[in-house]
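Descriptive analysis of the structure
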Amino acid sequence: MAPQHTTRFGSLERYDKGGVEVINDDARNYVFSNVFEVASRAKPYEKVAVGKNIEYVIEAIRTEGTSGWRAPAQDEFALVMDGEVEIRLLKLDNPGVVPAGTRGSVGLPGAPPGRKMGVVRARRGHMTLLPVGAAYQFHAARPGVVLLQTLAGADTIERWADICQTSARPKA
Amino acid sequence: MSQRTETVPEIGSIEPNRHGYRTFTLGGFTFSRDEYFAHVAWPKSHHMLPADAFLRALQRDIAWGFFYGIVNFDAVVGTVNHYGSVDLFAGRFNEHYRKAGLDHSERFTTPLIQRVFEAMLDDWTNAGFDPFASPQETGSAFGPKNGGNKEAITRHRVTAKRMIGAPGDEPLRSDESGFPVNRHFRDVPQDTPEVIAEPGFEDEVVAFNLFAYLSRSDVTWNPSIVSVCKASLYCPTTEEYILPVIHGNDRVEWFVQLSDEIQWEVEDRDTGAVRARVTMKAGDVAAMPADIRHRGFSPKRSMLLVWENASPELPQLYASGKMPPSPVQF
């Protein structure tokens, strides 16, 4: 009889964390963190960088309640890692609310003028396109986690020393 | 030392050897195989690798277009991508071979080395052996020449232009399209996001189940592009058993473990000296610095998000020391 395999995903409520075992190095070189741990300590809709590659970032976002509206300067992609998130999309009447040269996205005051594009209700593992020229808003009835593929912007939070392993062994 | 080979060699011997396999030459390198091993010879020395391991590494090197940086087949033989040309080397990233003066390297245009490698993979892969599959999901690579498996070694490489499932882009996977859920992922939900698009916006309100998509991957250790944010590429892959190459970085690379667990052995890129072991569980994020090489071990099939920055200027920035090898200083 073939063995049953159990696939292990993480969640805010339950995650196991690995780590770096240094042999001849500095653990900080690996910038090691866990998205569920980061989101569990974040405020709703804080954009906390967990990965950075020059101008690009991956942000861990705790989804809880309703976010403000944001408009990306380029396509962004939201991957739900835990929970259920409603993503509301709106075609901007004035794409100029995103100034030329903006990286990442900009927060907008209130709901911007524009036409409703639609809604995506996404759960764990679902990836949603947040298209350039649109604005988006997240809503989550219960806490969840989204990973956002984007560029570092004015609202990206970098607190590496708080979220990353710095010791030569993972904490037990 | 590195030589540049401009001449076009013959693809391979016309007559097979007594095991049924053709022999291939590339500059000063000669490749031959017998029932168990691939033999690599160069002017100063020679080396042998198990045929299955060699073909798995060769398959990745070809499929990835020689990838970012260095693809070590093992501690001796491999390639360095210069994005237009490729170095084939022996002992170049092995401190002991270098000290003994036994290392050798030659540069070839990418189409030339690609052509020879593809011919070698085609000739040396027997019927029933799939170099992309996990060991439990394929037959043996060993024995005398026994047919071929062109279908397995010429798979389409997934490279989304915007996002998987977006209009005109790479399609989703399904039973009907020949991608059943893998035996290790039968418990992965196959639900789809609820997408409600207003009229006229059907092409822009787009979502898909990435985890379900990955659960249907029929290959291992083969990063494929699923979303593109300028030069930021999400390249998730499903991993089982051992990464068939030791990947040497020419830029920073990031990993996000989406499910299960992988352990990474991390070594100095140039000498092979061990630097660290990184254990990644679901939700963990780690950078692989630009001056290391790494090899992963995945006891159960797992989902790994490989995140790449494809900016073409990066190798030179790191090589010149203008960029530190680690992505964040804190």
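In this report, the structure presented in the accompanying data block is examined. (Residues numbered from 1 in each chain as written. Chains lettered and ligands numbered in written order. Predicted model: local features only at pLDDT ≥ 70, side-chain atom pairs only at ≥ 80, totals over all residues.)

Observations concerning the overall build of chain A
How we decide: Secondary structure elements follow DSSP: runs of H or I no shorter than four residues count as helices, runs of E no shorter than two count as strands, and numbering proceeds from the N terminus. In this scheme the burial state of a residue depends on its C-beta neighbours within 10 Å: 20 or more other such atoms mean buried, 12 or fewer mean exposed, and anything in between means partly exposed; the C-beta positions come from the backbone. Here the contact rule is simple: place C-beta atoms from the backbone, and any two residues whose C-beta atoms are within 7 Å are in contact.
The secondary structure content of chain A amounts to 2 helices and 12 strands. Reading the helices (α) and strands (β) of chain A from amino to carboxyl end gives β-β-α-β-β-β-β-β-β-β-β-β-β-α. Along the first, second and third principal axes, the C-alpha atoms of chain A reach 55 × 45 × 25 Å. Looking at chain A as a whole, 52% of its 172 residues are labelled buried. Counting only contacts in chain A whose residues sit at least 6 apart along the sequence, the fraction spanning at least 24 positions is 79%.

Describing the overall build of chain B
Just so we agree on the cut-off: Put simply, the radius of gyration uses C-alpha atoms, and a globule should come to 2.2 Å times the residue count raised to 0.38.
On a plain count of helices and strands, chain B comes out with 6 helices and 19 strands. Over its C-alpha trace chain B gives a radius of gyration of 21 Å, about what one expects of a compact globule, namely 20 Å for 330 residues. Along the longest, intermediate and shortest principal axes, the C-alpha atoms of chain B span 65 × 50 × 35 Å. Long-range contacts, defined here as pairs at least 24 residues apart, represent 60% of the contacts in chain B between residues at least 6 apart.

Overview of the environment of R295(B)
Residue and element names in this part refer to chain B. Along the chain, R295 falls in strand β19 (residues 292-309). Taking the number of C-beta atoms within 10 Å as the measure of exposure, R295 has 16 and is therefore partly exposed. Taking C-alpha positions, R295 is 12 Å from T279, a pair spaced 16 residues apart along the chain. Those residues in contact with R295, other than ones at most four positions away along the chain, are I242, L243, I246 and E265.

Some points on unusual backbone geometry
The phi dihedral of V31(A) is positive, around 45 degrees, even though this residue is not glycine. Structurally, V31(A) can be placed in the loop between β1 (19-22) and β2 (33-34). Exposure remark for V31(A): the 27 C-beta atoms within 10 Å place this residue in the buried category. Even without glycine at this site, Y241(B) takes up a positive phi of about 70 degrees. One can find Y241(B) in strand β13 (residues 232-242).

Some remarks on the sheet that holds strand β2 (residues 24-26) of chain B
Through backbone hydrogen bonds, the strands of a sheet pair up, either in parallel or in antiparallel fashion. Residue and element names in this part refer to chain B. As a reminder of what qualifies: Strands pair, by our definition, only if DSSP identifies at least two bridges between them. Think of each axis as a best-fit line through the C-alpha atoms, taken over the contacting stretch in the case of a helix, with angles from 0 to 180 degrees between the N-to-C directions.
If you trace the 4 strands from one edge of the open sheet to the other, you get β2-β3-β4-β5, paired in antiparallel fashion. The open sheet has two edge strands with one neighbour each: β2 and β5 (45-50). Each adjacent strand pair in this sheet contributes to an overall mean axis angle of 20 degrees, direction not counted. Pairing geometry for strand β4 (residues 37-42) and β5, over 6 bridges, is antiparallel. Among the inter-strand pairings, W42 is bridged to a residue of β5, identified as S45.

Side note on the interface of chain B and chain A
Convention followed: Amino acid classes used here: Ala, Val, Leu, Ile, Met, Phe, Trp, Tyr, Cys and Pro are nonpolar; Asp, Glu, Lys and Arg are charged; the rest, including Gly, are polar.
Each partner contributes to the interface: chain B provides 59 residues, whereas chain A provides 61 residues. Per-element accounting of the side of chain B that touches chain A gives the leading share, 8 residues, to strand β17 (residues 274-281) of chain B. For the side of chain B that touches chain A, the residue count by class is 35 nonpolar, 9 polar and 15 charged.

Focus: the pairing of β4(B)
Residues and elements named next belong to chain B. Only one face of β4 is covered, namely the face carrying A38, V40 and W42; the face carrying F37, H39 and A41 is uncovered. Between strand β3 (residues 29-33) and β4, which follow one another and run antiparallel, lie 3 residues. Counted between consecutive antiparallel strands, the loop separating β4 from β5 contains 2 residues.

So, the pairing of strand β11 (residues 134-151) of chain A
Residue and element names in this part refer to chain A. When you tally the buried positions in β11, you get 13 out of 18 residues, the bulk of the element. Here strand β4 (residues 56-66) pairs with β11 via 10 bridges, running antiparallel. Bridged to V57 within β11 is T150. Alignment of strand β6 (residues 76-82) against β11, held across 5 bridges, turns out to be antiparallel. Bridge assignment links L79 to a residue of β11, and that residue is L147. Two strands pair when backbone bridges link them, and strand β7 (residues 85-92) and β11 are joined in this way by 6 bridges, in the antiparallel orientation. Of the residues in β11, the one forming a bridge with L89 is Y136.

Things to note about the environment of E158(A)
Inspection of the secondary structure assignment puts E158(A) in the loop between β12 (156-157) and α2 (160-163). Between the C-alpha atoms of E158(A) and A111(A), which are 47 residues apart in sequence, the distance is 27 Å.

Let's talk about helix α3 (residues 110-124) of chain B
All names here are of chain B. Filter applied, for reference: Multiplying 1.5 Å by the helix residue count minus one yields the expected span of that helix.
Over its 15 residues, α3 runs 21 Å from end to end, which matches the ideal 21 Å to within 8%, given 1.5 Å per residue. Among the residues making up α3, those that are buried are I113, V116, F117, M120, L121, D123 and W124. Those residues of α3 that are buried lie in contact with β2, β3, α1 (51-63), β8 (85-90), β9 (104-109) and α4 (150-153).

Considering the nonpolar core
The line we're drawing: Defined on buried residues, the nonpolar core groups Ala, Val, Leu, Ile, Met, Phe, Trp, Tyr and Cys residues joined through C-beta atoms within 7 Å.
Within the largest apolar cluster, 100 residues are counted, with the highest numbers of intra-cluster contacts made by V35(A) and V146(A). Broken down by element, this core gets its largest block of residues, 10 residues, from β11(A). Apart from residues lying up to four places away in sequence, V35(A) is in contact with V50(A), A60(A), M81(A), V145(A), L147(A), G283(B) and V285(B). If you look at the next biggest cluster of nonpolar residues, it comprises 42 residues, including A63(B), I70(B), V77(B) and L121(B).

Overview of the packing of α1(B) against α3(B)
Any two packed helices are characterised by the angle at which their axes cross and by the distance between the axes. Residue and element names in this part refer to chain B. Formally: Roughly parallel refers to an angle under 35 degrees, roughly antiparallel to one over 145, roughly perpendicular to one between 65 and 115, and oblique to any angle outside these ranges. The handedness criterion is simple: a crossing whose near helix is rotated anticlockwise from the far helix by less than a right angle is left-handed, and one whose near helix is rotated clockwise is right-handed.
At a minimum axis separation of 10 Å, α1 and α3 run at an interaxial angle of 140 degrees. Judged on the interaxial angle alone, α3 and α1 are oblique. For the pair α1 and α3, the crossing hand works out as left-handed. Contacts from L55, L58, Q59, D61 and I62 of α1 reach α3 at Q114, F117, E118, M120, L121 and W124. Counted by class, the contact of α1 with α3 contains 7 nonpolar, 2 polar and 2 charged residues.

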